[in-house]
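# Structural description and commentary
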Amino acid sequence: MTRYFLAVVKIEGFRGINNEGDPLEIKFRADAVNSIFAANGLGKSSLFEALTYAITGFVPKLDRMVAAESAKDYYANQFHSKRRAEIVLTFRPDDGGADVTVKVVRETNGKRVVTSPSGYANPEELLAALDDETVLLDNHTFTKFLLDSPLDRGKSFSALLGLSKLAEVRQGLSAVSDTLSFNNDSGSKVLDAEVALSKATLAQSMIALKQDYFGLIGKQLVEPIIPATIGSDTTQALAGVALLKDQCDGQLLSAIDFDKLSATIKTAEKSEDQERLSAAITEIAALEALDRGTTEATEQTELKDLCKTKQQALASTKGASFHDLYAAVKQVFDDGSWMHEAVCPACESTPSESPYAIAAKQLMQYQLVDDTETKINDSWAAATWPSRLQKLETKLVKPADAATNQHGRLHGLLTAGQATVLDVDTAIARLQLMELARVSRLSELQTEKATIQGSLPPSLVHLIEQVERAKRIKGSLKSVIALTASIGAASKKLAERKRWKAFIDAACATFETAEAGLSERLIKAMTTQYKGMYATIAGGVPIVPSLEQKKDSIDLHLKLEKFFTLKNTGATPLLSESFRNAIAISIFLSAALQRKPAARFIILDDVTSSFDAGHQFALMEVLRTQVGLPLHKDGLQVVILSHDGLLEKYFDKYGNSHEWHHQHLQGLPPFGSMMMQAAGAERLKPSAETFLKAGQIKQAEPLIRQHLEYRLIQIISKVGIPVSLDFAIKDNMKMVGHALDAIKDGVELYKAAGRLVLDPNQQAALGNMIVPAMIANWVSHYETGSGSSLDAYVLLDVLKSCEDFADSFKYDCSCKQQPGKTIRKYYKTLSSKHCNC
Amino acid sequence: MPFEFETSLSAAQNVDKFYKHLETIDADFAALLKKQLPPILPISDVPAQKKSTRQKFNEAVVKHLDQPKAGATK
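Throughout what follows, the structure given in this document is the object of discussion. (Residues numbered from 1 in each chain as written. Chains lettered and ligands numbered in written order. Predicted model: local features only at pLDDT ≥ 70, side-chain atom pairs only at ≥ 80, totals over all residues. Heavy atoms only, no water.)

### Quick word on the overall build of chain A
Within chain A one finds 29 helices and 16 strands. Here chain A, with 837 residues, has 46% of them falling under the buried criterion. Here the analysis covers contacts within chain A between residues at least 6 apart in sequence; of these, 67% occur between residues at least 24 apart. Element-wise, carbon and sulfur atoms account for 55% of the exposed surface of chain A, whose accessible area totals about 39,700 Å². (Helix = DSSP H or I, 4+ residues; strand = E, 2+ residues; numbered from the N terminus. Buried < 20%, exposed > 50% of the residue type's maximum accessible area, 1.4 Å probe, protein only. Contact = heavy atoms within 4.5 Å. Areas by Shrake-Rupley, 256 points an atom, 1.4 Å probe, with all protein chains shown as cover.)

Now the structure itself:
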């Protein structure tokens, strides 16, 4: 996978960087650690924010502002005439490909426009790929990580490992694969009920069809049925009757007009009795079709049992408000915001049983009520007796008495979730009553039928019965065909839903397993690395940090595997702020190395604030040797933004070498232009002078100290003044006082030997010791921490004196120069020049 | 070989890899999930919002499921 270095950034009109018409341009080396120093107020934060905005699309500090503060107005530089910000980033692929340039513009109206001047097809996509949790790091990130609750720290850690986005997807998959919700939302429950009801109706129609077919044709109808054959058999049977032959022969069953057939028979009979007989036969058939089903008793018992279960479960709950209360109690335990396991977060009492267990148990009762409710509705929808009750009430109850009907009442109660066992019993009793009425009515109809049949010629009675059977066959067949089609369509829909459900369930499970595996591998790989980095930063102090995360929990606890002679202790109570920060930084850096996101660079803004000089240097060493290119071959391009004067010494040591590229940000933000100054120790004096002239003594002090160290060591080095072994090999000995002592001793040694090359004036200047005294005076103040008692004018004089002091070891050289020109150069040694000048 | 995420990939790339894996199982459903899931993320912890989001997602899924499939005769 191609990864990208940050090669160049150009900024105009963003935050504190104005640079109207002359964008601030910063070049980075891909194969080195890049450090940028800027004093306070010189745009370092604006640079970090510009990079953040370009890559992520927002600035966290502004994003956290309330709406009334109108954060959107503060992205663009307040003094840029167009109030339009432009950030151009050039990325260099680590596979040797061509540079990619991406331009991010924040228009005057706040719109963010991303383009690629280099012609990259999808610059937005590239920026999104570069937006990783390990790319833009500042002190706030580390502090937050340490101060967060275990839950929030766990979330941050997850994000750090690149898992938060995965967790987001996993939670989404989990939500949309919830079975109960899907069945409700997708209408699967309704479809299931429809299919069940249609199947029950189909079964009844099939029974009626088979009975009538047998009655008309005289043979059993065998499944699977063939509608065309049944239709043909029926019409042929009717066509076999001479009276009906003309209307039925060669006709399709669907085309036969049964009213016309009845009229023909009536005409032949010339009697009203035929019509009454026909009606009686039809009603008898309809009532016979409503005979009690074999599963009815079982269905009724099941529904009653479920209602009973629900009533019992409901009795052990305390209503909706308590449900919310129990849910809230469980939630605060689950999310880690309540740490006292034995104390109830709602009432702060201490029950004998764990409050969490009580809440969970109560919530289970509520869940049981919901689950039983679903089963009750399913049972009602699939049962055959409700349909029978409904039809019997329609047929046998007079419209005036419809208010006594039980089917509609019970259905309404069930739908509202309010049905009780008593209500079901009432409906069952009603069905029994209807059954008695059905049998009674059948008896009446049979009597009427027999009476009419007795008064009609047998042949016509039989004919009327056959025509009625044929008519019912037509109706049943139509019903069977329609129901079969309806069941088929609904079943197809259900099958598609089930197929999707199986797919999403499998997807969810696959994702969860893969995510857990990735997390485990990343943590394992990180652990050794962050512990090693921490040991380096902490300077060998016998402290070993550890991160503990219980299985199936996102909570992340910061612990100490070892704290001097103690084992397995808490980290927060024992560690100082800087040591805690060192843990956080180690974790973030090792995560950055393990992850390998699209960005092969890491930008660190002001990450050394809590460290003293020693730990700052140790962190820089970790970055140089364990994180950054080129010393770490698979490492990252490290970009360090710092305002810490103490680090300047470190930057001076490595800056502008093959492994370190140091630059200095200077200028006049937020009005004027800013620019980069390739850094070297020579800039220390002008920088210190700038601070002093602005009255910023605190900022100037470290620069003055570094300048003095640099200049005195330069004298020692250039003139070859002998020094002690400690001074030569130990960095911490290269201090101003020691350097002065070495120079003074060297001068005295050569003077005593009569070989000192310095001219009399120079010797006099050194001899009266005004300059060394001044410097020593300042040094002693500085070393006792009271340097600030000297005002800016005194310190400016110190800087000037230092240059005068250095000048005492130089002479004018005119050889190898153009005529009349001289250069000021250091003596070769304390006893010789480089030439004869 | 069970599906695995790779440490060398970003989260977005791993998610993309996941969708590609799903395509080998059911391309139609994988495309449906890839289209409908990202717009509803992140899922809210607030039950009412979560329910509403889920309903919208499921509505879109059902609409897709009930559409006549390409090549179907009816």
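Picking up where we left off.
### A short note on unusual backbone geometry
All names here are of chain A. Going from Glu223 to Pro224, the amide bond is cis rather than trans, its omega being -5 degrees. Summarising the element assignment, Pro224 is placed in the loop between helix H8 (188-217) and helix H9 (227-239). Residue Pro630 follows Leu629 across a cis peptide bond; omega there is 5 degrees. Not every positive phi belongs to a glycine, and Asn19 is a case in point at roughly 45 degrees. Relative to the assigned elements, Asn19 resides in the loop between strand S1 (4-12) and strand S2 (24-27).

### A word on the packing of aromatic side chains
Evaluation of the coordinates by the stated rule reveals 22 aromatic pairs over all chains. Ring centres of Phe3 of chain B and Phe5 of chain B lie 5.3 Å apart, and the angle between their planes is 80 degrees; on these two criteria the pair is classed as edge-to-face. Residue Phe3 of chain B is classed as buried on the basis of its relative accessible area, which comes to 12%. Through a chain of ring-to-ring contacts, the aromatic side chains of Phe511 of chain A together with Phe3, Phe5, Phe18 and Tyr19 of chain B assemble into a single cluster. Sitting over the ring of Tyr75 of chain A, Arg106 of chain A keeps its end group 3.9 Å from the ring centre. Across the ring face of Tyr53 of chain A, the terminal group of Arg112 of chain A is positioned such that the distance to the ring centre comes to 5.3 Å. (Phe/Tyr/Trp six-rings, centres within 6.5 Å; stacked < 30°, edge-to-face > 60°. Lys NZ or Arg CZ within 6 Å of the ring centre and 35° of its normal.)

### Side note on the pairing of strand S12 (residues 637-642) of chain A
All names here are of chain A. When you tally the buried positions in S12, you get six out of six residues, the bulk of the element. Across the two faces of S12 the burial is the same, with Gln637, Val639 and Leu641 and Val638, Ile640 and Ser642 all buried. Two strands pair when backbone bridges link them, and strand S11 (residues 601-605) and S12 are joined in this way by five bridges, in the parallel orientation. Residue Asp605 lies in a different strand from S12, and its bridge partner there is Leu641. For the crossover from S11 across helix H21 (residues 613-627) to S12, the handedness is right-handed. (Pairing = 2+ DSSP bridges. Right-handed = clockwise from strand over helix to strand, strands pointing away.)

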